[in-house]
Amino acid sequence: KIPSQGYRFLINRAYLRLTLAKYLTIEPQNIVFNYNSKGKPFLDPQFHSEKIYFNLSHKNNYTVYAIASHPVGIDLEKIDINVKIELIAQRFFCREEYEKLIQLNPSEKVEYFFTLWTIKEAYLKSIGQGLSNGLNSICVQYNLRQKFYQLINNNGDILTDFITHRKGFIVFKPKLLKTTSSEV
């Protein structure tokens with residue numbers, strides 16, 4: 001029998017608490033979460049002075065966790081060849097990504113689609129936005145000269161220093177954004 005979604009949420013949250021408790025060297029029940037406006041949980045700074053960031057992703061009965069000393073996002077997707085890739089990409093990808101997708105052969109389309117979707121969702125989660133910020137608000141570009149991916153926003157700003165994609169894992173380094181005193 002497949003566990004219900006509510007049951008999986010409880011199990012995932014329990015594992016998250018157990019994992020974070022090891023980093024914080026406290027009991028799991030003493031962890032206090034707060035939530036951003038999009039519902040992303042974070043350690044409440046009133047109770048935890050440590051700079052520990054976390055994210056999780058789940059698909060079916062699989063869950064992955066990311067714990068870091070900087071904002072982090074992670075995404076797990078089941079590659080499903082029955083997904084209407086072109087229709088979804090046309091709605092949620094930027095124009096350049098969609099145009100490249102429709103030029104690929106069918107087997108390349110699946111890998112390209114899920115690679116872009118995973119990169120975008122993990123990035124949006126790392127900045128606390130999730131999918132509500134819009135997958136089409138960022139565009140994945142491949143730098144042929146330096147052989148890595150970059151995320152670009154609609155204004156042309158580079159959002160990541162690099163993205164690598166190997167054997168099903170995607171890793172990126174968010175670009176450190178400079179803030180001015182008026183932004184604090």
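Residues numbered from 1 in each chain as written. Predicted model: local features only at pLDDT ≥ 70, side-chain atom pairs only at ≥ 80, totals over all residues. Heavy atoms only, no water.

A. Representation of a nonpolar patch on the surface in the model. On the surface, Tyr7, Ile11, Tyr15 and Leu18 cluster together into a nonpolar patch covering about 400 Å² of accessible area. Mapped onto the elements, Leu18 comes out in helix 1 (residues 5-24). (Patch = residues over 30% accessible without salt bridge, like charges linked within 9 Å, V, L, I, M, F, W, Y side chains within 5 Å. Areas by Shrake-Rupley, 256 points an atom, 1.4 Å probe, with all protein chains shown as cover. Salt bridge = Lys/Arg side-chain N within 4 Å of Asp/Glu carboxyl O. Helix = DSSP H or I, 4+ residues; strand = E, 2+ residues; numbered from the N terminus.)

B. How the structure looks around the packing of aromatic side chains. If you walk through the whole model with that rule in mind, you get six aromatic pairs. Measuring from ring centre to ring centre gives 5.0 Å for Phe113 and Phe114, while their planes differ by 90°; the resulting arrangement is edge-to-face. The same class applies to Phe113 as to Phe114, namely buried. Ring geometry for Phe113 against Trp117: centres 5.8 Å apart, planes inclined by 35°, an arrangement best described as tilted. One end of the pair is Phe113 and the other is Trp117, both in helix 4 (residues 106-126) and four residues apart, which spans about a single turn. Residue class for Trp117 comes out buried when judged on its relative accessible area of 14%. Taking the ring centre of Phe33 as reference, the NZ or CZ of Arg13 above it sits at 4.9 Å. (Phe/Tyr/Trp six-rings, centres within 6.5 Å; stacked < 30°, edge-to-face > 60°. Buried < 20%, exposed > 50% of the residue type's maximum accessible area, 1.4 Å probe, protein only. Lys NZ or Arg CZ within 6 Å of the ring centre and 35° of its normal.)

C. Looking closely at the pattern of salt bridges. Across all of its chains, the model carries five salt bridges by this definition. Residues Lys109 and Glu86 are paired through a salt bridge, measuring 2.3 Å at the closest nitrogen-oxygen approach. With Lys109 in helix 4 and Glu86 in helix 2 (residues 85-92), this pair connects stretches of sequence that are 23 residues apart. For Glu96, the salt bridge is made with Arg95, and the minimal N-O distance between the two is 3.4 Å. For Glu96, a relative accessible area of 42% translates into the label partly exposed. For Arg95, a relative accessible area of 54% puts it in the exposed group. Beyond isolated ion pairs, a larger network of salt bridges with shared partners links Arg95, Glu96 and Glu99.

D. Highlighting helix 1. The first and last C-alpha atoms of helix 1 sit 28 Å apart over 20 residues, in line with the 28 Å expected at 1.5 Å per residue. Those residues of helix 1 that fall on the buried side of the exposure criterion are Asn12, Arg13, Leu16, Leu20, Ala21 and Leu24. Residues of helix 1 that are buried in the fold lie against strand 1 (33-35), strand 2 (41-43), strand 3 (53-59) and strand 4 (62-68). Positive phi shows up at Thr25, right after helix 1, with a value of about 50°. (Expected span 1.5 Å × (residues − 1). Contact = heavy atoms within 4.5 Å.)

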